[in-house]
Amino acid sequence: MSTVVQFEERQTACGKRLGIARLDSEKSLNALSLAMIQQLQPQLDEWAGDPEIACVWLEGAGEKAFCAGGDIVAMYKAMRDQPGVLVDEVADFFSQEYRLDHCIHCYPKPLVIWGDGIVMGGGMGLMNGGSHRIVTERSLLAMPEITIGLYPDVGATHFLNQMPEGCGLFLGLTGAQINACDALFLKLADHFIASSSRDKILDALADIQWGETPSLNQQKVSDVLAKCSEADSKHRPAGQVEPNHNLIKELTAGDELVPVVDAITSLDTDDKWLSRASKTLANGCPMTAHIVWNQLHLGKDLNLADCFRLELTLSVKCATRGDFAEGIRALLIDKDKQPKWQHDSVADVEAEEVDEFFTSPWAEDEHPLADLGH
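Residues numbered from 1 in each chain as written. Predicted model: local features only at pLDDT ≥ 70, side-chain atom pairs only at ≥ 80, totals over all residues. Heavy atoms only, no water.

A. Structural detail: the overall build of the protein chain. Scanning the protein chain for helices and strands turns up 16 helices and nine strands. Computed over the C-alpha atoms, the radius of gyration of the protein chain is 20 Å, within 12% of the 21 Å expected from 2.2 N^0.38 for a compact globule of 374 residues. Here the C-alpha coordinates of the protein chain stretch approximately 65 × 45 × 40 Å along the principal axes. Intrachain contacts of the protein chain at a sequence separation of at least 6 include 74% that bridge at least 24 residues. Counting only carbon and sulfur atoms, one obtains 47% of the accessible surface of the protein chain, whose full area is about 16,000 Å². Here the protein chain contributes 31 positive and 57 negative side-chain charges, whose respective centroids are spaced 7 Å apart. (Helix = DSSP H or I, 4+ residues; strand = E, 2+ residues; numbered from the N terminus. Rg over C-alpha atoms; globule rule 2.2 N^0.38 Å. Contact = heavy atoms within 4.5 Å. Areas by Shrake-Rupley, 256 points an atom, 1.4 Å probe, with all protein chains shown as cover. Lys, Arg positive; Asp, Glu negative; His and termini not counted. Charge placed at Lys NZ, Arg CZ, Asp CG, Glu CD.)

B. Representation of the sheet that holds strand E7 (residues 132-135). Ordered in space as E1-E2-E3-E5-E7-E9, the six strands form an open sheet in which the pairing is mixed. With partners counted over all chains shown, the strands left at the sheet margins are strand E1 (5-11) and strand E9 (191-192), one partner each. Relative to strand E5 (residues 111-115), strand E3 (residues 53-60) runs parallel, the two sharing three bridges. Bridged to Val 56 within E5 is Leu 111. Here helix H1 (residues 34-49) sits on the sheet and contacts E1, strand E2 (17-23) and E3; the angle it forms with E1, its principal contact strand, is near 25°. (Pairing = 2+ DSSP bridges. Axes fitted to C-alpha atoms, helices over the stretch in contact; angles between N-to-C directions.)

C. Region of the structure containing the sheet that holds strand E8 (residues 140-142). Strand order across the open sheet formed by three strands is E4-E6-E8, with parallel pairing between neighbours. The strands lining the two open edges of the sheet, one partner per strand, are strand E4 (65-67) and E8. On average, each strand axis in the sheet is tilted by 15° relative to the strand beside it, whichever way the strands run. Taken together, the three bridges between strand E6 (residues 118-120) and E8 define a ladder with parallel strand orientation. Residue pairing in the sheet places Ile 118 in a bridge with Leu 140 of E8.

D. Expanded view of the packing of helix H6 (residues 167-174) against helix H12 (residues 272-283). Between H6 and H12, the least distance of the axes is 8 Å, while the angle of their chain directions is 60°. Classified by the interaxial angle, the pair formed by H6 and H12 is oblique. From H6, Phe 170, Leu 171, Leu 173 and Thr 174 reach across to H12, where they touch Trp 273, Leu 274, Ala 277, Thr 280 and Leu 281. Counted by class, the contact of H6 with H12 contains seven nonpolar, two polar and no charged residues. (Parallel < 35°, antiparallel > 145°, perpendicular 65-115°, else oblique. Nonpolar A, V, L, I, M, F, W, Y, C, P; charged D, E, K, R; others polar.)

E. Broad picture of the side chain of Lys 109. Residue placement: Lys 109 occurs in the loop between helix H3 (88-105) and E5. Buried Lys 109, no salt bridge; nearest opposite-charge side chain is Asp 50, N-O distance 5.7 Å. Polar side-chain contacts of Lys 109 include one of 2.7 Å to the backbone oxygen of Trp 47. Side-chain polar atoms of Lys 109 contact the backbone oxygen of Asp 50, separated by 2.4 Å. Apart from residues no more than four positions distant in its own chain, Lys 109 is found in contact with Trp 47, Ala 48, Asp 50, Pro 51, Ile 53, Ala 54, Ser 131 and Gln 218. (Buried < 20%, exposed > 50% of the residue type's maximum accessible area, 1.4 Å probe, protein only. Salt bridge = Lys/Arg side-chain N within 4 Å of Asp/Glu carboxyl O. Polar contact = N/O pair within 3.5 Å; in protein donor to acceptor, adjacent residues only side chain to side chain.)

F. Up close: the pairing of E3. Across the eight residues that make up E3, a large majority, eight, are buried. As paired strands, E2 and E3 are joined by seven bridges and run parallel to one another. Counted as the bridge partner of Leu 18 is Cys 55 from E3. Handedness of the crossover is the feature at issue here: the chain leaves E2, passes through H1, returns alongside E3, and the resulting connection is right-handed. (Right-handed = clockwise from strand over helix to strand, strands pointing away.)

G. Highlighting unusual backbone geometry. Of note in this structure, Val 154 is not a glycine but carries a positive phi near 45°. With respect to the element layout, Val 154 can be found in the loop between E8 and helix H5 (156-159). Backbone geometry places Lys 335, a non-glycine residue, at a positive phi of 60°. Within the secondary structure, Lys 335 is located in the loop between helix H15 (324-333) and helix H16 (351-357).

H. View of the pattern of salt bridges. For the structure shown, the criterion picks out 18 salt bridges. The shortest N-O distance in the salt bridge between Asp 203 and Arg 10 comes to 3.6 Å. Residue Asp 203 is located in helix H8 (residues 198-207), and its partner Arg 10 is located in strand E1; the two are separated by 193 residues in the primary sequence. Among the residues examined, Arg 10 registers a relative accessible area of 26% and is labelled partly exposed. In this structure, Arg 198 and Asp 199 form a salt bridge, with 2.5 Å as the shortest nitrogen-oxygen distance. Assessed through its relative accessible area of 47%, Asp 199 is described here as partly exposed. Bridged by salt links that share partners, the residues Glu 8, Arg 22, Glu 59, Arg 198 and Asp 199 form one connected network.

Rendered as structure tokens:
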């Protein structure tokens, strides 16, 4: 197996070490592959149990992306060869990806995510669980799954529900791209730091007098990042979400999906960000819109592990019953950007069809993520 994640350990002033992991596939914008997951997981586990590792840092190679999504082309080939069948490539990728995301959420040490450049899909899953999530002036975040017939996964059932009112539903339906300022407002990031300050931050982390108390170590990292964030604040981009929050609340306020979709897609605006979001939903997968609506309503009452279990069910159903393969074909294989969705509109989707996506193909004790803690 080729090395797609680079690991290094850096000595700190007090004798402990920093663990640094770098997704290393610049050509694919560090898209998360099964090989990456299988190299990252055991190393994170090892560092978690090593008392000499004080803090972990996760970044992407190059300046363009932290991680631009999941490497879904391999899954496409497997789905195309066995349509309607739950193939191992699909179940294995998603179950191992979600297990890794859950591990990051529950990590016992400071885990700093350098979210510089593009952070989409699978990259959002890696970033969201970090204890300290950094965005820069180059950060561009999105959950654009409505364009490929999937749905916002990697823990989005949880994190879209944590956002200010209406925003999680709006972003899930429209795949809207957001910047660093938006990410802070939406609780997707904790600190803004200029991209040029990376080395300075790592040096400052190496200078910390690390102790044995996890909560104190977390606070020491927060203090370092807050100090640098204040110095770099002049580089912050203007927000797009907060200025439109009242409108987003109005657009998403309905009790049923179809009127909400109609309100967003019929929006007449000169605002380029809103206009692009509206068009993406209008051209997006109708079934995805229903999945988003239902997952967010269901997800309000689920703990994190149950969110990932639900998402694994949804993901394998998208692969076997849904528009996922067609979405990948249109966007990434043939690149004609003319997907032929199974339904002509959101209004054409029957409730029974949606329910089927939420029905697990496994018995409860046989679910691949049955052993995840809360």
